[in-house]
Every structure is written in structure tokens, then in C-alpha cells.
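Summary of the model geometry
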Amino acid sequence: MFTSIPQHILGNGLSWSSLSLRLTATNAYKLTQHIYIDKKEIHGTCGDVMSPSLTKGFDFLRDPRLNKGLAFTLEERQALGIHGLQPPRYKTMEEQVALCKISVDRYHEDLNKYLYLTELSDRNEKLYYRLLSENVEAFLPIVYTPTVGLACQKFGLIYRRPRGLFITINDKHHCYDVLKNWPEGNVRAICVTDGERILGLGDLGASGMGIPVGKLSLYTALAGIKPHQCLPILLDVGTNNQALLEDPTYIGLRQKRVTGQEYEDFCDEFMQAVVERYGQSTLVQFEDFASNNAFRLLAKYRNQYCVFNDDIQGTASVIVAGLLACRHITKKKIVDNTYLFVGAGGAALGIANLLVSALQAEGLSLEDARAKIWAIDWNGLIVKSRKDLNEHQIVFAKDFKEINKLRDAVAEIKPSAIIGASATPGLFTPEVLQLMAANNERPIIFALSNPTSKAECTADEAYKHTQGRCVFASGSPFPPVEYEGVTYKPSQGNNAYIFPGVALGIISTQMYHIREEIFLIAAQVLADLVCEKSLSQGSIYPPISEIKSVSLKIATKICEYGYERGVASVYPEPKDKRKYIESTLYNFNYASSLPASYGWPKQADMHIKPLDPAEVVSKLPKKP
Ligand SMILES: O=C([O-])CC(=O)C(=O)O
Ligand SMILES: [Mg+2]
């Protein structure tokens with residue numbers, strides 16, 4: 001339909017004025033609206049509920065939300081009109097999960113595993129989420145950091161099917177109309193990025209879409225939030241990444257980033273459009289914005305909308321939880337430490353600010369709390385004589401001489417904890433680590449930059465240069481480390497411990513705003529969940545495989561807080577908060593696709609015995 005739009009316009013992204021060359025915006029909307037009204041009828045409310053009476057035949061196999069593959073029973077196949085459209089074999093979901101695991105394992109490269117899982121979610125959504133939620137430890141590094149970073153870097157190359165919503169600066173004044181094109185009517189949570197600071201990889205423009213997609217898949221896999229309630233959004237305002245602008249595979253707008261008032265107005269319009277389309281209590285998680293925009297937008301929107309910034313607040317929460325839990329190993333309370341932040345961007349300052357609240361909760365004054373926190377960035381130690389500090393950094397500036405090198409700062413200040421959020425690999429040199437070990441019985445070394453390639457040091461280096469005495473955490477996963485006969489399990493201090501549970505708590509109570517306290521509550525819940533076994537292996541977080549139950553506990557606590565403080569808006573107040581939250585969760589098992597009144601004989605009556613999954617799996621080909 002749009003083929004006659006001049007190529008130079010297409011190359012720069014479709015704009016509203018260019019569309020109107022072919023058809024007026026109003027007509028375009030009528031057309032789109034019509035399509036989606038139809039689609040909505042087909043899906044009913046989607047997710048766990050469907051309207052089989054309106055969806056027929058092949059759609060059941062093609063629609064990822066309805067498809068069960070070979071798990072359609074014989075009576076379902078006959079009733080739905082898909083009998084004969086796939087091989088006769090029936091499989092249980094457990095067999096399917098087992099086969100998927102084997103299939104992923106057969107790929108040697110993580111990016112190929114990522115592509116397999118993406119394809120699975122495009123084919124059979126429920127199977128994808130069940131697989132993910134039952135194999136969190138194995139697949140988190142694939143659908144999330146670090147592999148998702150690689151997927152973003154190769155986004156144009158691996159792009160197959162659209163996921164999420166792309167709203168470009170050319171859509172300004174039409175954000176609402178684009179949002180209306182999203183086929184789901186009951187979105188409760190949005191994760192949005194403008195792609196300017198994707199993990200520690202920098203400006204990836206529209207290729208950053210992998211991040212909101214990955215984050216929201218964890219909403220479902222780790223917190224049981226229904227997938228149709230989640231919407232990933234990429235705000236494409238251009239990119240300053242020259243390599244991408246010249247890359248023929250790049251899928252975003254080919255222009256430099258729009259900044260200043262135009263950017264601001266666009267973000268404002270987007271937020272208003274979200275509320276107009278989905279309501280005031282729609283949660284909007286900001287992700288991977290550049291630090292200055294991240295802080296400014298959070299400050300501006302936090303009392304206006306239901307927003308949080310995961311890189312500032314989610315990361316802060318998980319790291320403060322880690323610091324609280326460190327006391328079990330270091331035998332020092334958080335007030336007894338001296339902290340040196342390495343990097344002074346959004347993540348570092350977010351942690352520093354929440355740490356101040358945690359220190360105040362332990363009895364320190366604001367000044368005394370801030371006095372314990374030092375920071376160093378590219379231009380040196382954050383001290384009062386520096387003229388280049390922003391308002392967020394100034395509050396941590398010390399009356400101290402200027403120091404440029406991290407090594408010298410560690411030698412002078414003698415911190416008991418160094419917290420890296422600098423996106424600079426190798427910054428924690430052997431010398432820095434050895435100094436930490438010389439000054440502390442149990443030094444705290446957090447190398448938080450993501451993905452793994454950006455971590456300030458590896459787990460191996462941290463344990464080796466501190467003779468196994470450090471308490472180590474990283475943002476991306478590291479494998480266990482053997483050092484002098486002892487096996488250490490490096491902790492992954494990633495916000496994935498926090499944001500799914502926080503989001504679940506917020507959307508189940510429908511709060512209109514997210515107060516800072518919520519992240520301290522989440523940190524305390526998480527810190528209390530670390531067990532003896534993890535601590536004995538040097539890990540300060542519960543095992544990754546337990547994140548699902550962590551999320552539920554965080555959500556329950558937030559729900560209780562919401563009613564205690566009168567900020568929840570779901571009434572009548574549920575008596576048992578945990579049960580209430582559980583009742584809202586996604587069902588990871590297939591539901592029957594038969595209409596309730598359907599009169600076909602049951603599979604058992606037809607003498608078709610499903611095979612024993614264990615037996616089938618044992619006969620499957622093994623990994624080469
Ligand atoms: O995505 C992650 O792994 C953590 C995070 O938010 C970031 O590094 O920006
Ligand atoms: Mg992030």
C-alpha cells in the first residue's frame with residue numbers, strides 16, 4: 001500500500017506527513033482501528049482467556065497465544081478444525097518443555113539460543129514462559145543480560161518479527177494514535193527506552209528494543225504478570241551512534257538524536273498518551289535512558305505518573321539489599337562501612353541515594369550518611385573543588401584534595417566497599433583489588449557494569465587478588481570460581497531480583513505513584529531472604545532459581561505497604577494480600593481450548609494413552 005512513498009522518506013522512517021501522501025491520517029486510523037477491533041474480537045481478552053467460538057482452524061496453530069502445538073488433544077483438534085494439520089502424535093506440556101531444553105542446548109552460540117527462544121515465543125507463548133520460568137538459571141543469561149546485549153548490537157541483522165511498539169519522533173502529536181494500534185486493551189505495565197544507554201554498550205538507538213522486550217519477558221517468567229498486560233516500547237528519537245547510522249541493517253530513524261525542548265515535549269506527550277489509552281495507574285518502567293535524561297524524567301514524572309527508573313531505583317534496591325546482606329559475612333553493619341562508588345552516573349548515584357536512606361534508617365543523620373559515601377568518575381574523585389559536577393553528584397562531593405586515579409583514591413580513602421558502575425572493564429586492576437584486600441579482612445567488591453564484557457573485573461580476578469576473602473557481586477552472571485580448593489559462587493546483583501516483584505506489587509494494588517520507600521522495602525525483603533547455604537558459598541543473594549518466590553514476597557510486602565499507607569486503589573481491600581496477588585497470576589499451564597459446552601468424548605474415552613514423558617525424553621537424541 002505504501003510502495004509509492006519516495007524512498008528518501010522511507011529511509012528516514014515513515015512520518016505522518018509522508019503517510020498522508022497516500023492516505024489521510026484519519027482514514028489511516030479508521031483502517032487501523034477497524035483491523036484491531038476485529039482482532040480484539042478474535043482474541044477476546046487474550047492471555048489466559050480466549051473466545052474459541054470466534055477463532056477457528058489454522059489460527060489456533062498460527063497464533064502464539066492460542067497455539068499448543070502437539071499438546072492439542074484429539075478432541076481439541078477435532079473441535080477446532082485442526083485435526084490433520086499437524087502430526088498425529090500428542091505430547092504433554094512437560095514433554096514439550098523437555099524437548100525445548102534439548103533443542104536450546106544443541107546450539108553452541110548464545111545468540112542462536114536467544115533466536116531459538118525468541119522464535120519459540122512467537123510460536124507458542126505459553127510454552128516459552130513455562131520453559132523460562134522453570135529454567136531461570138539456565139535461560140536468564142540468554143533472554144536477558146548478557147546475551148540480550150549482543151542481540152541489541154545485532155538487532156538489524158537478526159530482526160524477524162516485530163515485537164513491541166516503535167514510536168518515533170515523526171509520530172509527535174500522534175503518540176496516542178500509535179498506542180491505539182497496539183492490539184491489547186488491558187495493558188498494565190510498559191517498559192520504555194529511548195535506546196541511548198543500552199546496558200554499558202552505549203547508544204544503540206532503535207536496536208535497544210531488545211531491552212524492554214527482555215525486561216517484560218521477566219515480568220511474566222519471574223513474577224507471573226500476564227504477558228498481554230505488558231507492552232515494550234521504543235521511543236526512536238534518532239541515534240548519535242555513527243556506526244549505526246551508516247549500518248545498512250539498522251532499523252531505526254537515520255538521524256541524530258533530537259534533544260532539548262522537542263525531546264522533552266515528545267516524552268511528555270508519550271506519558272499523557274499512555275494515561276489516556278491505558279489509565280493513570282499504568283506502570284511505566286524507564287529503562288536505559290542516558291543518565292541526565294533518566295534523572296530529569298524521573299524527577300518530573302514521579303509524582304505525576306506511576307513510573308520508576310529501573311537503572312536508578314531497581315539497581316539501587318538490589319545493591320542495597322546486597323550491602324545489607326554483606327553483614328552476615330563481613331560482620332560489619334552497613335553504617336560501619338566506607339563506600340567508594342566507581343562511576344557517578346544514574347546507577348551509581350541511584351544506589352548512593354538509596355544507601356543514604358538505608359543508613360538513615362539505621363540511625364545516621366543525612367550528613368553522616370553522605371559522609372560515608374565517596375565517588376570517583378572519569379574526571380577524578382568527586383570533591384568540592386570540581387566545577388563540572390551536576391546537582392546529583394554535588395551532594396556527595398567531599399572537602400578533599402583532587403585525586404585522579406582509582407588506585408590512589410583507594411589507597412587514601414581506604415574504602416571497605418568499592419562499587420563499580422562505570423561500564424569500564426578492567427578498571428578494578430589487580431593492584432586496586434590487592435589494596436582492598438590489604439585494607440580489609442573481607443573487602444566488598446561489586447563489579448556491576450553490564451553486560452559481562454563491561455564488568456570492572458571478573459569474579460576470578462576478584463577472588464584471586466583478594467585471596468578468596470572478598471564479597472563479590474556482579475551485574476551479569478559469572479560462573480563459579482575455584483580458588484585454592486574452595487568453590488565460590490559469585491552473586492549476581494542484578495535488578496532482575498527487584499523490578500518484576502516491584503511491578504507485580506504496584507500493578508496489583510494500582511498505585512498511582514511509586515514512592516522511594518518501596519525500593520527500600522524491596523531491598524530489605526531481598527536481604528532477609530539470603531540463606532546460610534548461599535552465604536557459605538560467598539553469595540549474598542538467594543539463588544537465581546528462587547527469584548520467582550522472591551518476586552512474590554516483594555509484591556506481597558508492597559501490597560501490604562500500599563494499604564497501610566492508603567496509596568492502593570483496589571477496593572475492597574483484600575484480606576490476605578498474598579492470596580490476592582496469587583489469584584492475579586499467569587497460568588503457566590495450557591487451558592482447555594474446548595468450549596465449555598463441547599460434547600466430544602474425552603481423550604481417555606478414546607483409548608489414547610499419552611506416552612510417559614520421562615520415557616520419551618530418555619529416547620530423544622542427546623546433545624552432540
Ligand atoms: O539489564 C540489566 O541487566 C541491568 C540493567 O538494567 C542495566 O544494566 O541497564
Ligand atoms: Mg537497564
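Residues numbered from 1 in each chain as written. Chains lettered and ligands numbered in written order. Predicted model: local features only at pLDDT ≥ 70, side-chain atom pairs only at ≥ 80, totals over all residues. Heavy atoms only, no water.

So, the UniProt feature "domain: Malic enzyme N-terminal" (unreviewed entry) in the protein chain
In the numbering used here, UniProt assigns the feature "domain: Malic enzyme N-terminal" (unreviewed entry) to residues 121-302. In the segment residues 121-302, helix accounts for 48% and strand for 11%; the C-alpha atoms at its two ends are 33 Å apart. (UniProt positions renumbered as here; feature names shortened; annotations may be inferred. Helix = DSSP H or I, 4+ residues; strand = E, 2+ residues; numbered from the N terminus.)

Focus: the coordination of the magnesium ion (ligand 2)
Looking at the magnesium ion (ligand 2), one finds its protein donor set to be Glu 287 (OE), Asp 288 (OD) and Asp 311 (OD), positioned 2.0 to 2.1 Å from the metal centre. Sequence spacing of the donor residues for the magnesium ion (ligand 2), all on one chain, is E-D-x22-D. Of this pair, Asp 288 sits in the loop between strand 4 (283-286) and helix 16 (291-301) while Asp 311 sits in helix 17 (residues 310-330); the two residues are 23 residues apart in sequence, bridging distant segments of the chain. Taking the relative accessible area as the measure of exposure, Asp 311 reaches 8% and is therefore buried. (Donors = N, O, S within 2.8 Å, 3.2 Å for Na, K, Ca; no water. Buried < 20%, exposed > 50% of the residue type's maximum accessible area, 1.4 Å probe, protein only.)

Remarks on the side chain of Ser 534
Residue position: Ser 534 is located in helix 26 (residues 532-536). Leave out the neighbours within four places in its chain, and Ser 534 touches Ser 539, Tyr 541, Pro 542 and Pro 543. (Contact = heavy atoms within 4.5 Å.)

Points about the UniProt feature "binding site: (S)-malate" (unreviewed entry) in the protein chain
In the numbering used here, UniProt assigns the feature "binding site: (S)-malate" (unreviewed entry) to Arg 197, Asn 450 and Asn 494. Positionally, Asn 450 belongs in the loop between strand 10 (444-447) and helix 23 (459-465). With respect to the helices and strands, Asn 494 occurs in the loop between strand 14 (491-492) and helix 24 (499-509). On the accessibility criterion, Asn 494 (4% relative accessible area) is buried.

Some remarks on unusual backbone geometry
Following Asn 450, the chain continues to Pro 451 via a peptide bond in cis, the omega torsion being -10°. Mapping Pro 451 onto the fold places it in the loop between strand 10 and helix 23. Cis geometry marks the peptide bond from Tyr 571 to Pro 572, where omega comes out at 5°. With respect to the helices and strands, the residue Pro 572 is situated in the loop between helix 27 (547-564) and helix 28 (577-583).

Some points on the environment of Tyr 144
Relative to the elements of secondary structure, Tyr 144 occurs in the loop between helix 9 (136-143) and helix 10 (147-153). Taking the C-alpha atoms as reference, Tyr 144 lies 9.2 Å from Ala 496; in sequence the two are 352 residues apart. Apart from residues no more than four positions distant in its own chain, Tyr 144 is found in contact with Lys 215, Leu 218, Asn 494, Asn 495, Ala 496 and Phe 499.

Topic: the sheet that holds strand 3 (residues 230-236)
If you trace the five strands from one edge of the open sheet to the other, you get 1-3-2-4-5, paired in parallel fashion. The strands lining the two open edges of the sheet, one partner per strand, are strand 1 (165-168) and strand 5 (307-309). The mean inter-strand angle of the sheet, taken between neighbouring strand axes irrespective of direction, is 25°. One ladder, built from five bridges, connects strand 2 (residues 189-193) with strand 3; its direction is parallel. Within the sheet, the bridge partner assigned to Cys 191 lies in strand 3 and is Pro 232. (Pairing = 2+ DSSP bridges. Axes fitted to C-alpha atoms, helices over the stretch in contact; angles between N-to-C directions.)

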